[in-house]
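Coordinate analysis (summary)
Spelled out, the chains give:
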Amino acid sequence: MTSTTQPMKTGTLLTTDVTRRWLGEVPVYILCVALGAVCVILLALHQITPSVSGIIENARLFLLFTSILIIFDAAWQLNRQRPDRPTRFLVERYFNRTLHTQILAGLPLILLAIVILPMFSKMKSAIPLFNEFTWDATFIEWDQAIFFGYDAWEVMQPVLGYPIITATLALLYHLWFLLLYPGVMFFVFYRMDSGLRRQ
């Protein structure tokens, strides 16, 4: 009797945790949907329609980083735990009810992130449609004042003007993607502090 009631209690607790989290994050859902609607409306005013391909590409990136994180986590845990039966250890780690409940709890937020992030990228590209880059001339003047009448690129070209250095700088510039996708997944699936996650 005890063995049959215990899983039911655990399952009920997990379901309650998921429901509590979903309800607690309703303000976040509403804010995301509202921001998405504002993006769609503003873009539509300039005859720009958000493409489904951007959302699909974003979903692929999340899937790619999920795969990378699972591989990294599996290697880390196997190295750390040194289990006698590695396959069984991994099956128990990734195919258990607690982890599935955790994923289910974070599913609405990750779906919103998949849909909303491409819209912000579109909005960023569309900035000149809403407001011209009026500060460019001022920034150029500041650069010339700092570099004694020269443009910044003229001063830096002798140091940075090599393909390997330019490629390295481009790589470093794009490395923030490695923080964006795993960072979102960390706060959605692993960070249980709801206040911090909502921020």
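Just so it is clear, the model here is predicted, and its values are computed rather than measured.

Thresholds applied
Each residue is numbered by its place in its chain's sequence as written, counting from 1. Under the rules for a predicted model, residues below a pLDDT of 70 receive no local features and side-chain atom pairs below 80 are neither given nor counted, while totals for whole chains, interfaces and linings still include all residues. Remark: hydrogens and water are excluded; side-chain values derive from all non-hydrogen atoms of the structure. Secondary structure follows DSSP: runs of H or I at least 4 residues long count as helices, runs of E at least 2 residues long count as strands, and numbering of each begins at the N terminus. The span one expects for a helix is its residue count, reduced by one, times 1.5 Å. Throughout, bend refers to the angle between the axes fitted to the seven residues that end at a position and the seven residues that start at it. In protein, a polar contact means a hydrogen-donor-capable atom and an acceptor-capable atom, both N or O and within 3.5 Å, with residues adjacent in sequence counting only if both atoms are side-chain atoms; elsewhere, any N or O pair within 3.5 Å suffices. Here, nonpolar core refers to any group of buried Ala, Val, Leu, Ile, Met, Phe, Trp, Tyr and Cys residues whose side-chain atoms link them within 4.5 Å. Burial classification: accessible surface area is computed with a 1.4 Å probe over protein chains only, and a residue below 20% of its type maximum counts as buried, one above 50% as exposed, and the rest as partly exposed. Whether two residues touch is decided by their heavy atoms; if any such pair falls within 4.5 Å, the residues are in contact. All axes are obtained by fitting lines to C-alpha atoms, using only the stretch in contact for helices, and the reported angles, taken between N-to-C directions, cover 0 to 180 degrees. Any angle between 65 and 115 degrees counts as roughly perpendicular, while under 35 counts as roughly parallel, over 145 as roughly antiparallel, and the rest as oblique. By the definition used in this description, the sense in which the near helix is turned from the far one sets the handedness, with an anticlockwise turn below a right angle giving left-handed and a clockwise turn giving right-handed.

**Overview of helix H5 (residues 97–125)**
Helix length check: H5 (29 residues) gives 42 Å between terminal C-alpha atoms against 42 Å at 1.5 Å per residue, within 8%. Taken as a whole, H5 carries its principal kink of about 45 degrees at Leu107; the proline Pro108 stands between one and four residues after it. Measuring from the backbone nitrogen of Thr98 back to the side-chain oxygen at the start of H5 gives 3.1 Å, which picks out Asn96 as the cap.

**As for the nonpolar core**
Counting 15 residues, the largest nonpolar core has Cys32, Phe62, Leu109, Ile110, Met185, Val188 and Phe189 as its most contacted members. At the level of elements, helix H2 (26–44), helix H3 (52–81), H5 and helix H10 (177–190) are the ones that each hand at least two residues to this core. Per-element tally for this core: the top contributor is H5, with 6 residues. In this view, Phe189 contacts Gln102, Ile103, Gly106, Leu107 and Ile110; residues no more than four positions away in its chain are not counted.

**As for the environment of Tyr181**
The residue Tyr181 is located in helix H10 in this model. Residue classification places Tyr181 among the buried positions, given a relative accessible area of 5%. In the structure, Tyr181 is positioned 156 residues away from Glu25 in sequence and 20 Å away in space, judged by C-alpha atoms. Among all residues touching Tyr181, those that are not within four sequence positions of it are Asn58, Leu61, Phe62 and Phe65.

**What about the packing of H3 against helix H4 (residues 86–94)?**
Interaxial distance between H3 and H4 falls to 11 Å at its minimum, and their mutual angle equals 125 degrees. Classified by the angle between their axes, H3 and H4 sit oblique to one another. In the packing of H3 onto H4, the handedness of the crossing is right-handed. Here H3 contributes Ile70, Asp73, Ala74, Gln77, Leu78 and Gln81 to the contact with H4, which in turn contributes Pro86, Phe89, Leu90, Arg93 and Tyr94.

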